[in-house]
Amino acid sequence: MRVKWINQLVDGNGNYLPHLLPVDPTLHWANPPGGEMGRDMSPEFLSTPGPYTGPVPIVTHVHGAHTYDHSDGFAEAWYLPEARNVPSGFASVGSKYDGFKAAFEAAWGQAWTPGSSVFQYPNDQAATTLWYHDHALGMTRLNVYAGPAGFYLLRGGRTDVESGVLPGPAPAPGDLPGTRYYEIPIAIQDRSFNGDGSLFYPDSREFFDEFGGPYIPESDISPIFNPEFFGNTTVVNGNTWPYLTVEPRRYRFRLLNGCNSRFLILKMVDNPTAQRPASAMLPFWQIGAEGGFLPKPVQLNQLIMGLAERADVVVDFTGLRPGTEIFLINEGPDEPFGGLGGPSADPDTTGQVMKFVVGPLLSTDTSVPPAQRQLPVLAGLGAASITRKLSLNEADSEVLEDVGPREAELGTVDANNMPVEKGWHDPITENPSVGATEVWELYNFTADAHPIHVHQVQFQVVSRQQLETDEEGMAMKPAVLIPGTNRGPESWETGYKDTVIAYPGEVTRIKAKFDIPGLFVWHCHIVEHEDNEMMRPYRVG
Ligand SMILES: [Cu+2]
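Reading the values: rules and limits
Residues numbered from 1 in each chain as written. Predicted model: local features only at pLDDT ≥ 70, side-chain atom pairs only at ≥ 80, totals over all residues. Heavy atoms only, no water. Helix = DSSP H or I, 4+ residues; strand = E, 2+ residues; numbered from the N terminus. Rg over C-alpha atoms; globule rule 2.2 N^0.38 Å. Buried < 20%, exposed > 50% of the residue type's maximum accessible area, 1.4 Å probe, protein only. Contact = heavy atoms within 4.5 Å. Areas by Shrake-Rupley, 256 points an atom, 1.4 Å probe, with all protein chains shown as cover. Pairing = 2+ DSSP bridges. Axes fitted to C-alpha atoms, helices over the stretch in contact; angles between N-to-C directions. Disulfide = S-S within 2.5 Å. Salt bridge = Lys/Arg side-chain N within 4 Å of Asp/Glu carboxyl O. 1 Å grid on protein atoms, 1.4 Å probe; cavity = no way out; pocket = protein on both sides within 12 Å on 5 of 7 lines; lining within 4 Å. Points joined across faces, edges and corners; volume = space filled by probe spheres on them. Nonpolar A, V, L, I, M, F, W, Y, C, P; charged D, E, K, R; others polar. Phe/Tyr/Trp six-rings, centres within 6.5 Å; stacked < 30°, edge-to-face > 60°. Lys NZ or Arg CZ within 6 Å of the ring centre and 35° of its normal. Core = buried A, V, L, I, M, F, W, Y, C linked by side-chain atoms within 4.5 Å.

A.B. asks: I'm lost on the overall build of the protein in this one. Help?
C.D. replies: Secondary structure assignment for the protein yields 5 helices and 28 strands. For the protein, whose C-alpha radius of gyration is 23 Å, the value lies close to the compact-globule estimate of 24 Å for 541 residues. When each of the 541 residues of the protein is scored for burial, the buried share is 58%. Sequence-distant contacts in the protein: of pairs separated by 6 or more residues, those separated by 24 or more amount to 76%. With the model as given, the accessible surface of the protein reaches about 21200 Å², and the carbon-plus-sulfur share is 51%.

Below, the structure is given as structure tokens:
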């Protein structure tokens, strides 16, 4: 499939539209005002600047797609809209745009025109639930929060189940009004709103931890950026706390955690404000994750979903009386996630997601009951040729005492098991050969869980193992593995994935085959982290 992605953030007169949300110009970001020399850098300021109000850089990434680097939405391949009034001296494209443009045009013969890019998706991967969203350097949190994101559902082939086995149909172009659906994509996000209904996103670091300065030039804390953001409202497919009328039969739901920072723990219950943890009224039958179907359906009373993770589930409403109400609730926290057993979201607001209301049965359910369902077998990866030790880190201010976090960082782990922090601009350290299968060990040296996403590949979760921790629960430096604590993937992680939760105080091991040469990224999918250094380029070949 070929898609032309057009940045159309211009008004009726062809002038650019500024961002809806406050853009912090002090991060290591796209930085169009820096021109060709200063783009994709941290600009230097002599005093604390206000938000950037220029044209908006955008580049789209299909999350989980097995595609070429020129079509992956590299963070430095952004482009501004083709507006009449882009200030002179601004870079209109990111530093990698022209190179990928030339590579695409040579390979596929279609030109990229100003304000757009054309990406090619082979779709030569397992049938699954993908999604797309912006990936511009230092802008992703704002561009995703502002709205543009969507599902990319890949179907058919020997990695899909035969039609009729699972509940369907799903919504499709050209459907007549009133068409009934039994497969429904559900994107869950958290947002806050201003009194006039516009989106609220913080315009000062003070919102996060009441740190009101000093910023530039006295300190290294960004004045607008928030290290995490938690909205006070749940939206599903863009609607606050919606309801869906369902028939007493089976449904297939494609769930996505599309939040910026919020981990979700989802349950189906009869009382939305029941004391947490609530007891489940209905189970989920999870049949798939990010990289296709699981080896077999897994019955779960709750779904733990890190940012950008997907769960393909069947829920069976059979036998419920018309008028019955079932609530999808969230028991994940209103703060960074440290693992199960922590605080739950406010039961009156972000602790609720949506409601299902049972109506009359209007259809015949021909789908196979989940417990009896056979799922397609996906090929294995073979043995790994190399194991890389990588690290997840957090950094406080280097200038002010007890102020932080300043940013989060990825990195490597050295021979003494010490983390070696790396920023976005450090030389590439992950350089798999074309066709290599590798194990990546993610040592989490921070206090929180991070959802780690690797572009190009669908990986397997190999194992997790505990590290010795200090009194605050953070991994010791150097890292010390605790013998006998090795455990395999969770039951819902036994298929292929593109995003995995790396818990604090643990090493998480994943295995992937890198078969497309080129320049890609791996990063934390807390998009605030990703925007402020918790992303690294990697090169295959
Ligand atoms: Cu993170």
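Having seen it, we continue.
A.B. asks: I keep staring at the sheet that holds strand β23 (residues 450–454) and nothing clicks. Help me out?
C.D. replies: Working definition: the strands of a sheet are paired by backbone hydrogen bonds and lie parallel or antiparallel to each other. Ordered by their spatial adjacency, 4 strands build an open sheet running β25-β23-β27-β28, and the pairing between neighbours is antiparallel. If you trace the sheet from one side to the other, it starts and ends with β25 (499–502) and β28 (535–540), each paired once. The sheet shows a mean angle of 25° between the axes of neighbouring strands, taken without regard to direction.

A.B. asks: Help me understand the state of the cysteines in this model?
C.D. replies: By definition, a disulfide is the covalent link that joins the sulfur atoms of two cysteine residues. Within this structure, the stated rule accounts for 0 disulfides. Here C259 stays unpaired: no disulfide links it, and the sulfur of C524, its closest cysteine neighbor, is 14 Å away. With a relative accessible area of 4%, C259 lands in the buried category. For C524, a relative accessible area of 0% corresponds to the buried category.

A.B. asks: Sorry if this is basic, but what is going on with the pattern of salt bridges here?
C.D. replies: Two side chains bearing opposite charge may form a pair once their charged atoms approach each other closely. Under the criterion given, the structure shown has 27 salt bridges. Measuring nitrogen to oxygen at the nearest pair gives 3.4 Å for the salt bridge that ties E247 to R180. Taken together, the residues E247 in the loop between β10 (243–246) and β11 (250–257) and R180 in the loop between β5 (149–154) and β6 (183–193) connect sequence positions 67 residues apart. Exposure remark for R180: the relative accessible area of 40% places this residue in the partly exposed category. The closest approach of N and O atoms between K267 and E331, which form a salt bridge, is 2.9 Å.

A.B. asks: Explanation requested: the layout of surface pockets in the structure shown.
C.D. replies: The rolling of a water-molecule-sized probe over the atoms marks out the regions of remaining empty space. By volume, the largest pocket is sized at about 510 Å³. Every residue lining the largest pocket is counted, 18 residues in all, and those nearest its centre are D124, Q125, A126, A379 and Y496. Residues of the lining of the largest pocket, tallied by class, amount to 7 nonpolar, 7 polar and 4 charged.

A.B. asks: Looking at this model, I keep getting lost on the packing of aromatic side chains. Mind explaining?
C.D. replies: The full count for this structure, using the stated rule, is 32 aromatic pairs. Aromatic pair Y182 and Y251: ring centres 5.4 Å apart, planes at 55°, arrangement tilted. Highlighted residues: Y182 in the loop between β5 and β6 and Y251 in strand β11, separated in sequence by 69 residues. Residue Y182 shares its accessibility class with Y251, and that shared class is buried. Here the aromatic rings of F253 and F317 are separated by 6.4 Å at their centres, their planes lie at 75°, and the arrangement is edge-to-face. Separated by 64 residues along the polypeptide, F253 in strand β11 and F317 in the loop between β16 (310–316) and β17 (325–330) bring together distant segments of the chain. Judged by its relative accessible area of 0%, F317 is buried. Here a set of aromatic residues connected by ring pairs shows up, and it is made of Y79, Y97, F104, W112 and F119. Taking NZ or CZ as reference, R191 lies 4.3 Å from the ring centre of Y145, over its face.

A.B. asks: Please clarify how the nonpolar core should be interpreted in this entry.
C.D. replies: In summary, soluble globular proteins display a tendency toward joint burial of nonpolar side chains. Membership of the largest hydrophobic core comes to 65 residues, with the highest contact counts inside it found for F253, L255, L266 and F317. For L255, the residues in contact, after removing those within four places along its chain, are I186, I188, L266, L303, M305, E309, R310, A311 and V313. Among the nonpolar cores identified, the runner-up in size contains 43 residues, and V3, L21, V59 and F104 belong to it.

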